[in-house]
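# Observations on the three-dimensional arrangement
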Amino acid sequence: MNKRIVALMIGRGGSSLPDKNILPVLGAPLLHWAAAAAVRSRHIGRYYISSDDDKILATAGQAGYVQIRRPDALASATAQSCDAVRHAFDIIEQDGPADIVVVQHANVGTITEAIIDACIDGLLEDPSLSAVVPCHEKAEYHPLRGKGVTADGILKPFVPGMDRVSANRQDLPACYFFDHSIWALRASAIRDPDGQGPWVCMGQRIKPYLTEGCLDIHSLEDIVHTENWIREHKVPQPGFV
């Protein structure tokens, strides 16, 4: 393990599903599944949790995560996640330098150490990359097929000029969507003012790590799907006390 490779879990207390980040999933708090994957990583040497919520901070603390209290300005529904990452990174650096930050989302349990380590390996193998991020294809939701709505309620191509786009998915160029299970970030990219939007802290050279797609939890039904994913992938029980 490397003390210059850091896990940073982020999660707000406010949600339409109360306490979603710590709801039981197969007998363990949800965020413990992400924490356990990071603890099993062969790379990560330090662990932090950024939140405004006492219960989230305490639950992550059970897994050995150092608590970072997020200010109210970064805990609203409109707060930007990269701003929270930058705030936490300033504090992390006070404990020592970091080269790579693996940002974890507290409401995602569909993650393994193999995914984490593969993304870190990508950064270690290619110094030109600013981030390696799990992604999946979802051709049925390809942006070239998306529709906007006119002022009088009529659908129109969301991307101008796409009236002639093919109806066949195989004809469309590859389009990837971030899983948001983790982001493996080069530390030097976190403060890049010209990073690729909307998640500017990923920097400018982002490599995809292809997955089947993760599931971030926003409903009780999502918990059932997460439990099924964990069983299917035979993920070990977290076991934190």
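Right, let's walk through the structure included here. (Residues numbered from 1 in each chain as written. Predicted model: local features only at pLDDT ≥ 70, side-chain atom pairs only at ≥ 80, totals over all residues. Heavy atoms only, no water.)

### A look at the state of the cysteines
Scanning all chains against the criterion turns up 1 disulfide. Shown here is the disulfide that connects cysteine 82 with cysteine 201, its sulfur atoms set 2.2 Å apart. In this structure the cystine formed by cysteine 82 and cysteine 201 twists about its S-S bond by roughly -65°; its chirality is therefore left-handed. Residue cysteine 82 is located in helix α3 (residues 81–92), and its partner cysteine 201 is located in the loop between β11 (182–186) and β12 (206–210); the two are separated by 119 residues in the primary sequence. For the pair shown, cysteine 82 and cysteine 201 are each scored as buried. Cysteine 119 takes part in no disulfide bond, and the closest cysteine sulfur to it belongs to cysteine 135, at a distance of 8.7 Å. (Disulfide = S-S within 2.5 Å. Helix = DSSP H or I, 4+ residues; strand = E, 2+ residues; numbered from the N terminus. Buried < 20%, exposed > 50% of the residue type's maximum accessible area, 1.4 Å probe, protein only.)

### Side note on the packing of aromatic side chains
Applying the stated rule across the entire model yields 2 aromatic pairs. Each ring, one from tyrosine 47 and one from tyrosine 65, has its centre 5.5 Å from the other, and the planes form 45°; the classification is tilted. Remark: tyrosine 65 occurs in the loop between α2 (54–61) and β5 (66–69) and tyrosine 47 occurs in strand β4 (residues 44–51); sequence separation between them is 18 residues. Classification of tyrosine 47 by relative accessible area gives buried; the value is 14%. Residue tyrosine 65 is classed as buried on the basis of its relative accessible area, which comes to 3%. Between phenylalanine 178 and tryptophan 199, the aromatic rings sit 5.7 Å apart at their centres with planes inclined by 75°, giving edge-to-face as the arrangement. Residue phenylalanine 178 is found in strand β10 (residues 176–178), and its partner tryptophan 199 is found in the loop between β11 and β12; the two are separated by 21 residues along the sequence. Residue classification places tryptophan 199 among the partly exposed residues on the basis of a relative accessible area of 26%. (Phe/Tyr/Trp six-rings, centres within 6.5 Å; stacked < 30°, edge-to-face > 60°.)

### Structural notes on the nonpolar core
The biggest cluster of nonpolar side chains holds 30 residues, and the ones touching the most others in it are Met9, Ile44, Tyr65 and Ile116. Looking at this core, the elements with two or more residues in it are β1 (2–10), α1 (30–40), β4, α2, β6 (100–105), α4 (113–125) and β11. (Core = buried A, V, L, I, M, F, W, Y, C linked by side-chain atoms within 4.5 Å.)

### Describing the side chain of threonine 112
Within the element layout of this structure, threonine 112 appears in the loop between β6 and α4. Contacts of threonine 112, omitting those with residues within four sequence positions, involve Ala37, Trp229 and Val235. (Contact = heavy atoms within 4.5 Å.)

### As for the pairing of β1
Looking at chain direction, β1 and β4 are connected through 6 bridges and run parallel. Within β4, the position partnered with alanine 7 by the bridge is tyrosine 47. Pairing geometry for β1 and β6, over 6 bridges, is parallel. Residue valine 6 lies in a different strand from β6, and its bridge partner there is valine 101. (Pairing = 2+ DSSP bridges.)

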